[in-house]
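Chains, contacts and geometry: an overview
Residue-level listing of the chains:
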Amino acid sequence: MRDVIIFVEHNGGQTRKVTFELAAEARRLADALGGKAHALVAGVGSAALARQLQNHPLDKIFHTDDADVDKFLLDPVVDYLEAVAKVTGPAAILVPNTMLGRDVAGRIVARLDAGLASDVTELRVENGRVHCIAPKLQGSTITTCAFKGGDYGVITVRPNAFAAQLQATGAELVPLEKPAGKTYGMVVESDVEEATGEIGLEEAAVVVSGGRGLGGPEPFETLLKPLAEALGGAVGASRAAADAGWVPYSLQIGQTGKIVSPQLYIAVGISGAIQHKVGMQTAGTIVAINRDGTVPIGETADLLVVGDLFQIIPALTTLVQEAKAAHT
Amino acid sequence: MKIVVTVKLVPDPNAVRRIDPGTKRLVRAGIETALNPFDEYAIEAALQLKEQIGAPSTGSGQATTVTIFTMAPESMKESLRKALAMGADDAVMLSDPALEGSDVSVTSYAMAQALKKTGFDVILSGALSDDGNTGGVPGALAEYLGVPGLTNVRKIEEIGNGRIKAQRETDSGYQVVSGPLPALVTVTMAVGEPRYASLKGIMGAKKKTISTLSAADCGIDRPVGSDGAKMEVVAIAAPKAREKAKVVEAADGASGAQAILDFLRERKLV
Ligand SMILES: Cc1cc2nc3c(=O)[nH]c(=O)nc-3n(C[C@H](O)[C@H](O)[C@H](O)COP(=O)(O)OP(=O)(O)OC[C@H]3O[C@@H](n4cnc5c(N)ncnc54)[C@H](O)[C@@H]3O)c2cc1C
Ligand SMILES: Nc1ncnc2c1ncn2[C@@H]1O[C@H](COP(=O)(O)O)[C@@H](O)[C@H]1O
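Conventions adopted
- Residues numbered from 1 in each chain as written.
- Chains lettered and ligands numbered in written order.
- Predicted model: local features only at pLDDT ≥ 70, side-chain atom pairs only at ≥ 80, totals over all residues.
- Heavy atoms only, no water.
- Domains from an automatic or database assignment.
- Contact = heavy atoms within 4.5 Å.
- Buried area = accessible area lost by both parts, 1.4 Å probe.
- Near = heavy atom within 4 Å.
- Polar contact = N/O pair within 3.5 Å; in protein donor to acceptor, adjacent residues only side chain to side chain.
- Helix = DSSP H or I, 4+ residues; strand = E, 2+ residues; numbered from the N terminus.
- Nonpolar A, V, L, I, M, F, W, Y, C, P; charged D, E, K, R; others polar.
- Buried < 20%, exposed > 50% of the residue type's maximum accessible area, 1.4 Å probe, protein only.
- Areas by Shrake-Rupley, 256 points an atom, 1.4 Å probe, with all protein chains shown as cover.
- Salt bridge = Lys/Arg side-chain N within 4 Å of Asp/Glu carboxyl O.
- Pairing = 2+ DSSP bridges.
- Phe/Tyr/Trp six-rings, centres within 6.5 Å; stacked < 30°, edge-to-face > 60°.
- Lys NZ or Arg CZ within 6 Å of the ring centre and 35° of its normal.
- Axes fitted to C-alpha atoms, helices over the stretch in contact; angles between N-to-C directions.

As a further point, take the domain arrangement of chain A. Residues and elements named next belong to chain A. For chain A, the assigned domains are domain 1 (3-189) and domain 2 (195-326). Computed over C-alpha atoms, the centres of domain 1 and domain 2 are 30 Å apart. Opposite the 11 residues of domain 1 that make contact, domain 2 presents 11 residues. The junction of domain 1 with domain 2 conceals about 1100 Å² of combined surface from both sides, 44% of it contributed by carbon and sulfur atoms.

In structure tokens, the structure reads:
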């Protein structure tokens with residue numbers, strides 16, 4: 001395994017920060033392995049995105065605007081990734097640890113009979129082998145896994161774990177041909193966006209999350225959103241809030257939701273069940289606001305403010321806004 | 001319609017679990033075996049489907065059955081009774097000492113070989129396992145079986161006449177997809193809380209069949225278990241301990257807010 005391929009997740013050519021993090025990490029790994037760093041971009045809008053990716057430290061950017069990638073579930077994109085992997089030969093394939101990324105990873109593992117390392121937060125090359133470091137068992141153990149044999153390895157990478165790097169290295173654009181003789185059956189009939197946030201949760205530097213303590217959907221809009229906006233962040237939620245129908249499931253943080261690693265995580269009216277903590281405990285700084293000083297989130301937080309969220313949040317939003325106004 | 005639910009038998013999620021520093025495998029001794037909690041949702045979804053599709057007379061004349069499938073040591077057999085007590089019809093285990101130490105690709109390959117043998121119209125799986133937590137098996141399994149994989153399904157809208165239509169959760173909302181059966185579906189918790197086994201269910205489960213297949217029975221002819229695994233654990237460590245939280249009792253909103261702002265300033269976060 002010498003080369004590195006990154007899978008670029010995007011929506012009509014709009015990609016996310018994690019793509020650039022993967023590109024920088026792919027470069028670093030490829031250099032350590034003595035190989036090349038490539039990207040695959042497939043689906044409508046890919047040609048334009050491929051040109052944008054030339055500002056990142058890659059060698060080849062394989063791309064196709066094939067509309068089938070958007071029209072059919074998963075199979076076309078996995079076909080393209082497999083085709084690129086076959087061209088490069090044994091490689092490490094970096095995929096973002098998002099819902100789509102995990103799906104792609106599972107399928108390409110079988111196509112290439114590859115190993116899978118999931119939810120990786122750190123990568124190292126030791127004696128020519130890629131070592132994948134990831135928190136397991138609800139964050140209680142940090143494991144280092146390595147691929148056996150010199151073949152393919154698939155790695156899902158936690159967003160916000162690596163720094164992006166703007167650096168044009170003259171990456172070559174390589175258009176891909178449509179694979180011959182493929183028919184696809186699983187049609188995507190419609191795609192509905194429910195989350196309205198400007199910034200994706202996984203890549204937000206600040207996440208302000210609300211739980212059952214908010215008592216209903218309105219405080220998410222009237223309290224959390226303004227605070228998140230003042231801090232330049234995104235709004236998240238606990239499962240309890242999503243289950244109650246106050247926010248869509250796409251805002252849920254945790255074992256069965258999104259795993260986030262922002263610089264700052266503010267847990268508002270969230271008790272901190274282990275399933276929630278799994279999704280946020282690698283955040284840089286964790287602040288919790290809870291009226292109960294004995295909640296489990298206190299074991300994970302850096303600061304626990306014991307008090308009424310309905311009083312604290314509006315006051316905090318005003319303070320943050322004032323601090324920012326004074327700064328500019 | 002033949003529905004198969006893949007369930008993983010995991011160490012009790014509520015127990016304190018650790019990895020043996022020597023073998024680098026999860027320590028199972030002294031910990032009860034449980035159904036992976038996410039798979040209980042898959043069982044629930046399967047039982048709902050069976051109720052929906054109903055009696056043979058409304059369908060193709062063929063009864064709808066729910067079979068539980070697991071790849072696990074035979075010694076864990078009794079842990080499947082709970083799934084049968086919930087209402088599944090029978091269970092099949094793929095058990096073979098050779099399979100010990102399998103990783104995602106080998107597990108999926110072996111499961112696929114066994115499932116080709118049992119047959120299915122639809123496979124329901126959990127979205128991830130509580131211990132492995134990779135969520136990689138269902139996708140790889142679908143691939144080895146050569147069937148479409150509909151992941152993160154929150155609702156099966158239609159199923160029958162060789163087709164399925166379902167709503168999948170996505171990162172930003174949901175999608176409606178449709179296509180041919182057979183297919184593999186992973187479900188989210190939105191399908192509904194898993195039902196409790198009734199007393200009658202528990203009694204009935206004792207009489208239900210749990211059959212066992214070996215690797216050879218399924219024509220597994222390539223290296224499996226740790227020999228076939230493409231991954232190995234080379235080291236384990238404890239996470240960096242976080243410092244104990246600073247706790248501030250806020251008398252009112254203003255003082256609580258000020259305490260947070262001061263803290264964020266200290267850490268250069270505002
Ligand atoms: C298999 C499985 C998977 C799960 N996956 C997830 C997951 O991915 N993500 C997740 O979040 N959960 C998950 N859960 C659920 C999890 O176990 C908890 O039930 C959930 O996280 C609780 O949400 P909460 O903290 O908002 O609610 P609660 O535990 O009810 O906490 C609400 C908190 O608000 C505080 N509060 C109330 N009013 C105020 C006020 N006025 N001011 C200040 N504080 C106030 C209370 O003191 C309390 O601590 C999962 C559970 C299972 C079984
Ligand atoms: N050994 C196994 N036997 C049966 N099903 C399994 C096994 N391992 C994984 N699965 C299925 O795959 C899902 C995801 O598991 P994982 O990929 O290990 O996180 C589980 O919820 C199960 O439905």
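Let us keep going from here.
The full set close to ligand 1 counts 28 residues, and A:R212, A:S238, A:T256, A:S271 and A:N290 are the nearest of them. Looking at the residues close to ligand 1, they fall on chains A and B. In this structure, an oxygen atom belonging to ligand 1 sits 2.8 Å away from a side-chain N or O atom of A:Q275. Among the secondary structure elements, those contributing two or more residues to the shell around ligand 1 are α7 (239-243), α8 (274-277) and α10 (309-327) of chain A. Each residue belonging to the shell around ligand 1 can be placed in one class, and the counts come to 9 nonpolar, 14 polar and 5 charged.

Turning our eyes to something else, we now look at unusual backbone geometry. The residue after B:L181, namely B:P182, is reached through a cis peptide bond having omega 0°. You will see that A:D113, though not glycine, has its phi angle at about 50°, which is positive. Examined against the element boundaries, A:D113 turns out to sit in the loop between α5 (99-112) and β7 (115-120). According to the relative accessible area criterion, A:D113 is partly exposed, its value standing at 26%. Phi is positive for A:N127, close to 50°, though the residue is something other than glycine. On the secondary structure map, A:N127 appears in the loop between β8 (122-126) and β9 (129-136).

Residue and element names in this part refer to chain B. Around ligand 2, a shell composed of 19 residues is seen, among which T6, D39, S129, G135 and V137 lie nearest. Taking V7, its main chain carries an N or O atom lying 3.4 Å from a nitrogen atom of ligand 2. Backbone polar atom of S129 to an oxygen atom of ligand 2: 2.8 Å apart, as the coordinates give it. Summarising the interface, the protein chains cover 97% of the accessible area of ligand 2, which totals 480 Å² for the free molecule. Broken down by secondary-structure element, the contributors of at least two residues to the shell around ligand 2 are β4 (65-71), β6 (122-126) and α4 (137-145).

The interface of chain A with chain B comprises 79 residues on the first partner and 80 residues on the second. A combined buried area of about 6700 Å² lies between chain A and chain B, and 57% of that area is made up of carbon and sulfur atoms. Per-residue buried area on chain A facing chain B is highest for A:L137, A:K148 and A:M186; these three make up 11% of the total on that side. The closest approach of N and O atoms between B:R168 and A:D103, which form a salt bridge, is 3.0 Å. Tallying contributions element by element places α5(A) first for the side of chain A that touches chain B, with 9 residues. Examined bridge by bridge, strand β13 (residues 187-193) of chain A and strand β9 (residues 173-180) of chain B share 6 bridges and lie antiparallel to one another. In the strand pairing of β9(B), A:V187 is matched with B:S178.

Attention shifts here to the packing of aromatic side chains. Per the stated rule, a full pass over the model turns up 2 aromatic pairs over all chains. Taken together, a centroid distance of 5.7 Å and an interplanar angle of 45° make the contact between A:F72 and A:Y184 tilted. With A:F72 in the loop between α3 (68-71) and α4 (75-88) and A:Y184 in the loop between β12 (172-175) and β13, this residue pair connects regions lying 112 residues apart in the sequence. Under the relative-accessibility criterion, A:Y184 is labelled buried at 18%. Here the guanidinium or amino end of B:R154 rests over the ring plane of B:Y174, the centre of that ring lying 4.1 Å away. The cationic tip of B:R222 hangs over the ring face of B:Y109; the distance from NZ or CZ to the ring centre is 3.9 Å.

The next thing to look at is the sheet that holds strand β6 (residues 91-96) of chain A. Residues and elements named next belong to chain A. Pairing within the open sheet is parallel, and its 7 strands lie in the order β7-β11-β6-β1-β4-β5-β12. Every interior strand has two partners, whereas the edge strands, β7 and β12, have only one. Between one strand axis and the next, the sheet turns by 20° as a mean value, whatever way the strands run. By the bridge criterion, 5 bridges tie strand β4 (residues 37-42) to strand β5 (residues 60-64) in an arrangement that is parallel. Bridge pairing links A39 to I61 in β5.

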